[in-house]
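Here is what each chain is made of, one letter per residue.
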Amino acid sequence: MIFRHSLHIQTVNVVIEAFPNPRSVSSLDVLLNDVKVGTIVRTPGDFNAFSFEDSYRATGGVPVVSLSFRAVGGGLRKDPKPVPRALPAFFANLLPEDKLREAMEKHHAGSVRAGNDFDLLVALGADLPGAVRVVPGDGTVARLDDMPSPKPKARFSLAGVQMKLSVIKNTGKGGGLTLPLGDEQGSYIAKFPSTSFPAVSENEYANLALADAIGMEVPERELVEQSEFEGIPKEFETLSDGKVLLVKRFDRGTNGERIHIEDFAQVFGVNPSRKYEGAAYHDIAAALNVAVSSAAALECVRRLALAALTGNGDMHLKNWSLIYRGAGDKPDLAPVYDVLSTIPYISADAMALSLAGERPFKALNVQRWKAFANRARLPEAAVLNAVVDTVERVDKFWWSLPEREVIPAKVRERIDAHIRMMTPILGTCAN
Ligand SMILES: Nc1ncnc2c1ncn2[C@@H]1O[C@H](COP(=O)(O)OP(=O)(O)OP(=O)(O)O)[C@@H](O)[C@H]1O
Ligand SMILES: [Mg+2]
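Now for a look at the structure at hand. This is a predicted model, so every value here is computed, not measured.

1. Observations concerning the site of ligand 1
Okay, step 1: In the neighbourhood of ligand 1, 20 residues make up the surrounding shell, with Ala-159, Gln-162, Lys-191, His-316 and Asp-338 lying closest.
Okay, step 2: A distance of 2.9 Å separates a nitrogen atom of ligand 1 from a polar atom in the backbone of Lys-248.
Okay, step 3: A distance of 2.7 Å separates an oxygen atom of ligand 1 from a polar side-chain atom of Asp-338.
Okay, step 4: Surface burial for ligand 1 is 95%, taken as the share of its 620 Å² of free accessible area covered by protein chains.
Okay, step 5: Residue assignment for the shell around ligand 1 shows that the elements contributing at least two residues are β8 (188–191) and β10 (244–248).

2. Let's talk about the packing of helix α9 (residues 366–376) against helix α10 (residues 380–397)
Okay, step 1: Across the interface, α9 lies against α10 with an axial gap of 9 Å and an inter-helix angle of 130°. By the angle between their directions, the pair α9 and α10 is classed as oblique. The way α9 lies across α10 gives a crossing that is right-handed. In contact with Val-366, Trp-369, Lys-370, Phe-372, Ala-373 and Asn-374 of α9, α10 contributes Glu-380, Val-383, Leu-384 and Val-387.

3. Points about the sheet that holds strand β11 (residues 260–263)
Okay, step 1: One open sheet accounts for three strands, arranged β11-β12-β13; its pairing is antiparallel. Among the strands making up the open sheet, the edge pair consists of β11 and β13 (332–333).
Okay, step 2: Summarising the sheet, strand β12 (residues 321–324) and β13 pair through two bridges and their orientation is antiparallel. For Leu-322, the partnering residue across the bridge sits in β13 and is Leu-333.

4. Topic: the coordination of the magnesium ion (ligand 2)
Okay, step 1: The coordination sphere of the magnesium ion (ligand 2) contains the protein donors Asn-319 (OD1) and Asp-338 (OD), at a distance range of 2.1 to 2.2 Å. Pair noted here: Asn-319 is in the loop between α8 (294–310) and β12 and Asp-338 is in the loop between β13 and β14 (350–355), with a separation of 19 residues, a long-range link. Residues Asn-319 and Asp-338 agree in their burial class; the two are buried.

5. Section: the pairing of β12
Okay, step 1: A two-sided burial pattern is seen for β12, the buried positions comprising Ser-321 and Ile-323 on one face and Leu-322 and Tyr-324 on the other.
Okay, step 2: In the sheet, β11 pairs with β12 via four bridges, with the strands oriented antiparallel. Bridging across to β12, His-260 finds its partner in Tyr-324.

6. Focus: the packing of helix α7 (residues 281–291) against α8
Okay, step 1: Taken N-terminus to C-terminus, the directions of α7 and α8 make an angle of 155°; their axes are 7 Å apart at the nearest point. Between α7 and α8, the interaxial angle falls into the category roughly antiparallel. Within the contact between the two elements, α7 uses Tyr-281, Ile-284, Ala-285, Leu-288 and Asn-289 and α8 uses Ser-294, Ala-296, Ala-297, Cys-300 and Leu-304.
Okay, step 2: For the contact of α7 with α8, the per-class residue count stands at eight nonpolar, two polar and no charged.

7. A look at the sheet that holds strand β4 (residues 83–84)
Okay, step 1: What the five strands build is an open sheet, ordered β4-β3-β2-β1-β5; its pairing is antiparallel. A single partner strand is all that each edge strand has here, and the edge strands are β4 and β5 (132–136).
Okay, step 2: Helix α4 (residues 117–124) contacts β1 (27–32), β2 (35–42), β3 (47–52) and β5 of the sheet and is inclined by roughly 145° relative to β2.

8. Quick notes on empty space enclosed by the protein
Okay, step 1: Following the criterion strictly, the structure yields one cavity of 30 Å³ or more and no others.
Okay, step 2: With four residues, the top contributor of residues to the lining of the largest cavity is α8.
Okay, step 3: Class assignment of the residues belonging to the lining of the largest cavity gives a composition of five nonpolar, three polar and one charged.

9. Re the environment of Gly-38
Okay, step 1: Note on placement: Gly-38 falls in strand β2.
Okay, step 2: Separated by 16 residues in sequence, Gly-38 and Asp-54 have C-alpha atoms that sit 8.2 Å apart.
Okay, step 3: Those residues within four positions of Gly-38 in sequence are excluded, and the remaining contacts are Leu-28, Asp-29, Val-30, Phe-50, Ser-51, Phe-52 and Glu-53.

10. Focus: the pairing of β1
Okay, step 1: Within β1, six of the six residues are buried, leaving the element largely enclosed by the surrounding structure.
Okay, step 2: As defined by bridge partners, β1 adjoins β2 across six bridges and the pair is classed as antiparallel. Residue Leu-32 lies in a different strand from β2, and its bridge partner there is Val-35.
Okay, step 3: The antiparallel hairpin formed by β1 and β2 contains two residues in its connecting segment, where Asn-33 sits at a positive phi of about 50°.
Okay, step 4: Here five bridges tie β1 to β5, and the two strands are oriented antiparallel to one another. From the neighbouring strand, Leu-28 faces β5, where its bridge partner is Pro-136.

11. Here we look at the packing of aromatic side chains
Okay, step 1: Here the structure, examined in full by the defined rule, presents twelve aromatic pairs.
Okay, step 2: Plain terms: the ring middles of Phe-69 and Phe-90 are 5.5 Å apart, the flat faces sit at 55° to each other, and that makes the pair tilted. Of this pair, Phe-69 sits in the loop between α1 (54–58) and β4 while Phe-90 sits in helix α2 (residues 89–92), placing them 21 residues apart in sequence. Phe-90 shares its class with Phe-69; the two are buried.
Okay, step 3: Consider the rings of Phe-90 and Phe-91, whose centres lie 5.1 Å apart with planes at 85°: the pair is edge-to-face.
Okay, step 4: Residue classification places Phe-90 among the buried positions, given a relative accessible area of 3%.

Thresholds, definitions, all that
Residues numbered from 1 in each chain as written. Chains lettered and ligands numbered in written order. Predicted model: local features only at pLDDT ≥ 70, side-chain atom pairs only at ≥ 80, totals over all residues. Heavy atoms only, no water. Near = heavy atom within 4 Å. Polar contact = N/O pair within 3.5 Å; in protein donor to acceptor, adjacent residues only side chain to side chain. Areas by Shrake-Rupley, 256 points an atom, 1.4 Å probe, with all protein chains shown as cover. Helix = DSSP H or I, 4+ residues; strand = E, 2+ residues; numbered from the N terminus. Axes fitted to C-alpha atoms, helices over the stretch in contact; angles between N-to-C directions. Parallel < 35°, antiparallel > 145°, perpendicular 65-115°, else oblique. Left-handed = near helix turned anticlockwise from the far one by under 90°. Contact = heavy atoms within 4.5 Å. Pairing = 2+ DSSP bridges. Donors = N, O, S within 2.8 Å, 3.2 Å for Na, K, Ca; no water. Buried < 20%, exposed > 50% of the residue type's maximum accessible area, 1.4 Å probe, protein only. Nonpolar A, V, L, I, M, F, W, Y, C, P; charged D, E, K, R; others polar. 1 Å grid on protein atoms, 1.4 Å probe; cavity = no way out; pocket = protein on both sides within 12 Å on 5 of 7 lines; lining within 4 Å. Points joined across faces, edges and corners; volume = space filled by probe spheres on them. Phe/Tyr/Trp six-rings, centres within 6.5 Å; stacked < 30°, edge-to-face > 60°.

Here it is as structure tokens:
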């Protein structure tokens, strides 16, 4: 897709005058949209404790912050245990990981200590995934004189390891993409290419198009030239060439309103470092079946079949989310995101989580799906149907999908070979 106007990354958030040094903050208010739901307190021994607000407890926990906080019989569970040096899992999962985290720590150097979750949450808490905001509490003494420099800073947080920025797409005269200023929120995620994975943007772009073509809910996206961005702070620059994937954020509404989401590491109360092992796929499907609907659980099965077919070994706990639209009392399965074929880059790759005890793509025959159905407490026939239907749809759309042409031949051939190899294996579900 051709992006007609030039893109400009200008300067970044300018809330600096009102922004305290994270090191001097010891208490944070947790808001869900404008409702205060609780407080995070950092104790002198560097323990971080989260506790719910009484007024929020009195609502029984609506709107919902996270299923992980809900008791089986309804209402809220006890407050989570204080954690030494890190944040309770729900909040730790709101922070950027790896490269983006390092870049943010560098960007906020002097006020955010490397590896300190609480400091980072203070710096980024006003622009988190979903509708949660974490802002310095009333008792905080802002020591503005501690600020090393008055330069405006970027203050958005997105999880994941790839270098990415939350950006605004300007319409009208001039157009272009800019980082959010002041109270503005980015409505798009710009994912930058990687030196380790050639054509990763094109790969994900085509995979998102495939998911869309076979009837899944997929955000709008386009490929844009990296050379068209301007003024990205140098900590965020990637040294690799190639296009940038721009994806519309489903956790921001048309008027910039926040729509709450939580990923499945948050749903299961698992730390981000355990996103490849904290649960199995049948746990996700079972949770969807109970908390959303059997249709959502079967949509999960379709996404799993698609991942197996396309050789996507990265569908870990943070690549599945719930979305709370409307009153925020009931979740839905969030749209598809972060889908790409990892098989061209890691030829021995396997599913990111275990599917009925197995991860290798080749092991995913009818026996595995039956065992999976059992563990997820889903009807076997419905699961097998969802797999077969996904295989048929991919076969119908992939080979003539216009977006597949953007993937360089060398990468595309490996994806094609994997789909050809997997089609008969998943096809065993038809008998
Ligand atoms: N379209 C979207 N709308 C809202 N939030 C999104 C969207 N796409 C991604 N996210 C959020 O941003 C995070 C990072 O995005 P994404 O998973 O695409 O990045 P990544 O760096 O490729 O991740 P990974 O570490 O899995 O490789 C996701 O975990 C999710 O919370
Ligand atoms: Mg991801």
